[in-house]
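Read off the chains here:
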Amino acid sequence: MGESRLERFIDGMIAAGITGQIFGEHGIGKTSTFLSYVPRRHDLDVVLVPAANLTPDDLLVNAPVRDAVTGELALHQLIMRQLNPGRGFVLLIDDSLQAGDTIQSQLMQIACNWTLGEHDLRRLGCAGVFLTDNESAAETSARRTDLAVLDRMATLTIGANDTSWRASLTARFPRWDLDAVFRLWAAQPPPVRRLLAPRTLQHMLDLADAGLPMRWGLPLLNGARLEVGDDIVVQLAAALGVPDVLTVPDPVRRLLRTAIARRWAVLLQGPPGCGKTEVAKQVVREETGRDAVYFSLPVTNVEDLGVPVPSSDGTLDTLLTRALLGPQPKVIIWDEYNRPKDRAAFARLMEITQEWSLAGRPIEALRAQFALQNPPYHVGRKLQVTPNNLAQASRFTASVEVGRDDIPAGQWLIDTYGRPAEAALDWWKFDIDDEGRDWVSRRTLERLIKLHLHDQPLQSGLIYLGDGEYAPIPLAGLEARLAGERRLGLPELAADPDGWAARLAAGRTDGDEGTDATDLVHQVFANAEVSQLRAHADVVVRLLRHLPPKLRATYLVGQAPDRQRFWIDAVKAMAAARAAGVGAPPGGGSGPAPGAVDVLATG
């Protein structure tokens, strides 16, 4: 492929010594073109300065320095270390319109004269200065209107066809012939091409390469998935020759593990209390052997991440928080991502999530980043979260909406709290409806269990809405279960296996659909935790043969690995029992062959 329009502009500005100003929509490859093309073509470093998250002291500060001649202390202007790299460089000021007023003044001195304070950037090795941004009013905080400034630079407005993103994707995914993908993209109307920007398209291809749903690559803009049409995603999958994956077993854990393995930044959006933070911390410990680097945005200041400090060589260096230092593998969790303490801290994250650096300083051994946030609305109530724009939303390789069943926590509750947890889970699964389960998160359920264990009233564990009103959840059923009242579950099936086998067998004679007894047993099997299934493996195998094949199939498809493993072994044990013809019980059933379910009970 030939040079792109942007690459030719870069060549011309460097040769002429003119400041270049480039406007184009986010995600079309402006920054990545500079980072790949300039070192390859001109043998120059690219010093990337993300203007959106600069503070006034990041670029230039006055500090007392002892004068070598007089021996007295005198004020010297210290410049950002990245602007004195010791070899030739091109300065790229990214998101240049998103800086505050003070920063804009500093940037304009650089753009107009290639100087900063008393420092001449040319003497420091600067061979070119470029400013980039999207001039959309929805995503910028300033406009350049001063003719004295505008008259100092050459300006280029570009679209996706003016960068080399196609060549970049072709090199990134050598396993695929992407010509069909490019033709499909070009055939879309302009609004769809804008939403399906090259950066977003790259994310979708990354996910397809990992066997994950391509839809996860579409950003979550103000809590809602960016809509480009399901048919386009289907066509993209067909163009790649891969299946159109809609979901995967245990989706959250699988995504987080993949993100660590492939160095991704991912966003999880889910209701309060669904387990996002705990599962993220757990996966980080399992995959890296270390705790995550954790920041909660409502209490995080810019200074908590890094501050500029004078260094011994007379430049300004960035002093990072100690959690971001060292060669050990790191995964950052940005909790309550859309509840930042201030705009400055939130702006810092744009550089970290996109460039994996802070104030131009790369974060060593950073393996992945997890941003966790709540949706704008839950159970009909507005949550106090900050809106985002497309530039912020599209930084993540995957953006996933977490449902209440996407993070299995039942087994952990049983392992931690025993029999009371089993009773509480049975109440949650069988006794309340979907709306009720939305009100009772796993965190709320754990709180109710703890209150029961300490003889406290359960109502105090529900969400308090004010003026004496609690979440509208009746607790009589939970109190009855915790008091020992049993309702249908695996222990009840195990108490009368002959009777249930007879009911199921009779139901099969009425047709493949079965009867109410079939539905009850299926619901018990589907909702039971793996430890409960293993504890009653003989009963499970005995009754399984009487369920319709289409119900048995649901236990095998789309399940977490440990659950799927149990059901595969259960089907094998069922087949072995049927072949052996052992222990035919009343109603025409058959019990498992001796030893056939040992592996089920032990896992």
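These numbers were taken from a predicted model, which means no experiment stands behind them.

J.: Give me the lowdown on the packing of aromatic side chains, citing residues and values where you can.
T.: What the rule picks out here adds up to 12 aromatic pairs. Aromatic side chains tyrosine 555 and tryptophan 567 sit 4.3 Å apart centroid to centroid with 25 degrees between the ring planes, which places their arrangement in the stacked category. Taken together, the residues span a long stretch of sequence, with tyrosine 555 in the loop between α25 (549-554) and α26 (561-580) and tryptophan 567 in helix α26 at a distance of 12 residues. Residue classification places tyrosine 555 among the buried positions, given a relative accessible area of 4%. An aromatic cluster is built from Phe525, Tyr555, Phe566 and Trp567, whose rings are joined through pairwise contacts. Cation over ring: arginine 193 sits above tryptophan 185, and NZ or CZ is 5.6 Å from the ring centre. In this structure, arginine 503 is placed above the aromatic ring of tryptophan 500, and the distance from its NZ or CZ to the ring centre is 4.5 Å.

J.: I'd like a description of the sheet that holds strand β16 (residues 330-335), backed by residues and values.
T.: The strand order across the open sheet built from five strands is β13-β16-β19-β12-β22, with neighbouring strands paired in parallel fashion. The outermost strands of the open sheet, each flanked by one partner alone, are β13 (293-296) and β22 (398-401). Direction aside, neighbouring strands of the sheet carry axes that sit 15 degrees apart on average. Where β13 and β16 come together, four bridges link them in parallel fashion. Within the sheet, the bridge partner assigned to serine 296 lies in β16 and is aspartate 335. Relative to strand β19 (residues 366-373), helix α11 (residues 251-262) is tilted by about 145 degrees, and along the sheet it contacts β12 (265-269), β16, β19 and β22.

How each quantity is defined
Residues numbered from 1 in each chain as written. Predicted model: local features only at pLDDT ≥ 70, side-chain atom pairs only at ≥ 80, totals over all residues. Heavy atoms only, no water. Phe/Tyr/Trp six-rings, centres within 6.5 Å; stacked < 30°, edge-to-face > 60°. Helix = DSSP H or I, 4+ residues; strand = E, 2+ residues; numbered from the N terminus. Buried < 20%, exposed > 50% of the residue type's maximum accessible area, 1.4 Å probe, protein only. Lys NZ or Arg CZ within 6 Å of the ring centre and 35° of its normal. Pairing = 2+ DSSP bridges. Axes fitted to C-alpha atoms, helices over the stretch in contact; angles between N-to-C directions. Contact = heavy atoms within 4.5 Å.

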